[in-house]
Amino acid sequence: MRLTVARIGRAHGLRGEVALELRTDDPAARLVVGAVLDTDPASAGPLTVGHTRTAQGRWYATFDQVGDRTAAEELRGVLLVVTVEETGSTDEDSDDDSWYRHELVGLRAERVGDHALLGTVVDLEHPPAHDLLVLREPDGTVSRVPFVRQIVPVVDVAGGRVLLDPPGGLLSAEPSAEPGAEPETER
């Protein structure tokens, strides 16, 4: 199975260093000096990690095949990928709260309680604060849902669904007021 480790961002400096948008929970293990990473598109690599560093919470890297800023700029948007052995999950590790993007994309999103269809998971984003599930709602609207236990209490990969308990107004189909509440009118 191929997993994305990072997306190459902007060039940094004159010697081929690039910023990385991490897609892994263990960058220190995946981005070790000397590691050879495949790329997507394949024509951009493979790339050998020459050096890594962090500054203000961001990761930066150089690659042996990239010697200057011009070459680094050409890599912007390239994905760094690794091939890992697929092990399958067991009941013992089912309480682990980490999922790969490929496990979530395509799952039905249902509301807690009545299991009403709220949409389909189309992506998993990794901004700095917390992960976001990207949903395509039945009306075609694309929404981003914080991937936190309070809002996504159940991830049932085997059952093909996630259960959501969204606060009012988070999704286009969800009312912003409490169910049964009368809208306020001017008197």
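Each remark here, short or long, concerns the structure printed above.
Read on for a plain summary of the structure. (Residues numbered from 1 in each chain as written. Predicted model: local features only at pLDDT ≥ 70, side-chain atom pairs only at ≥ 80, totals over all residues. Heavy atoms only, no water.)

Leaving glycine aside, a negative phi is the common case for residues, and trans is the common case for peptide bonds. Looking along the chain, the bond that leaves D40 and enters P41 is cis, with omega of 15 degrees. In this fold, P41 is placed in the loop between β3 (36–40) and β4 (47–55). Residue P46 is bonded to the preceding G45 through a cis peptide linkage, with omega at 5 degrees. Along the polypeptide, P46 turns up in the loop between β3 and β4. With phi around 50 degrees, Q56 is a residue other than glycine that occupies positive phi space. By secondary structure assignment, the location of Q56 is in the loop between β4 and β5 (58–63). Of note in the backbone geometry, H115 takes a positive phi value of approximately 60 degrees without being a glycine. (Helix = DSSP H or I, 4+ residues; strand = E, 2+ residues; numbered from the N terminus.)

Before going further, it helps to spend a moment on the side chain of T48. Its location among the elements puts T48 in strand β4. The buried category is assigned to T48, whose relative accessible area is 14%. (Buried < 20%, exposed > 50% of the residue type's maximum accessible area, 1.4 Å probe, protein only.)

Turning to the nonpolar core, a few remarks are in order. Within the largest apolar cluster, 22 residues are counted, with the highest numbers of intra-cluster contacts made by I8, L20, L31, L47, F63 and L80. Of all the secondary structure elements, the ones that give two or more residues to this core are β1 (2–12), β2 (17–22), β4, β5 and β6 (79–83). For this core, the leading source of residues is β1, giving 5 residues. Setting aside its immediate chain neighbours within four residues, L20 contacts A6, R7, I8, L31, R58, W59, A61 and L80. Counting 16 residues, the second-largest nonpolar core is a separate cluster that includes L124, F147, I151 and L171. (Core = buried A, V, L, I, M, F, W, Y, C linked by side-chain atoms within 4.5 Å. Contact = heavy atoms within 4.5 Å.)

Turning our eyes to something else, we now look at the pairing of strand β8 (residues 117–125). Bridge count for strand β7 (residues 108–111) against β8 is 3 bridges, and the pairing is antiparallel. Pairing of A109 across the sheet is with G119, part of β8. Hairpin connection, β7 to β8: the antiparallel pair is bridged by 5 residues, and G113 has positive phi, about 100 degrees. Relative to strand β9 (residues 132–136), β8 runs antiparallel, the two being bridged by 5 bridges. Directly across from T120, in β9, lies its bridge partner R136. (Pairing = 2+ DSSP bridges.)

Turning our eyes to something else, we now look at the sheet that holds strand β10 (residues 142–146). Strand order in the open sheet formed by 6 strands is β10-β9-β8-β7-β12-β11, with mixed pairing between adjacent strands. Both edges of this open sheet fall to β10 and β11 (154–156), since each of them pairs with a single strand only. Mean inter-strand twist for the sheet, computed between neighbouring axes without regard to direction, equals 35 degrees. Relative to β10, β9 runs antiparallel, the two sharing 5 bridges. Each residue of the ladder has a partner; that of L132, found in β10, is P146. (Axes fitted to C-alpha atoms, helices over the stretch in contact; angles between N-to-C directions.)

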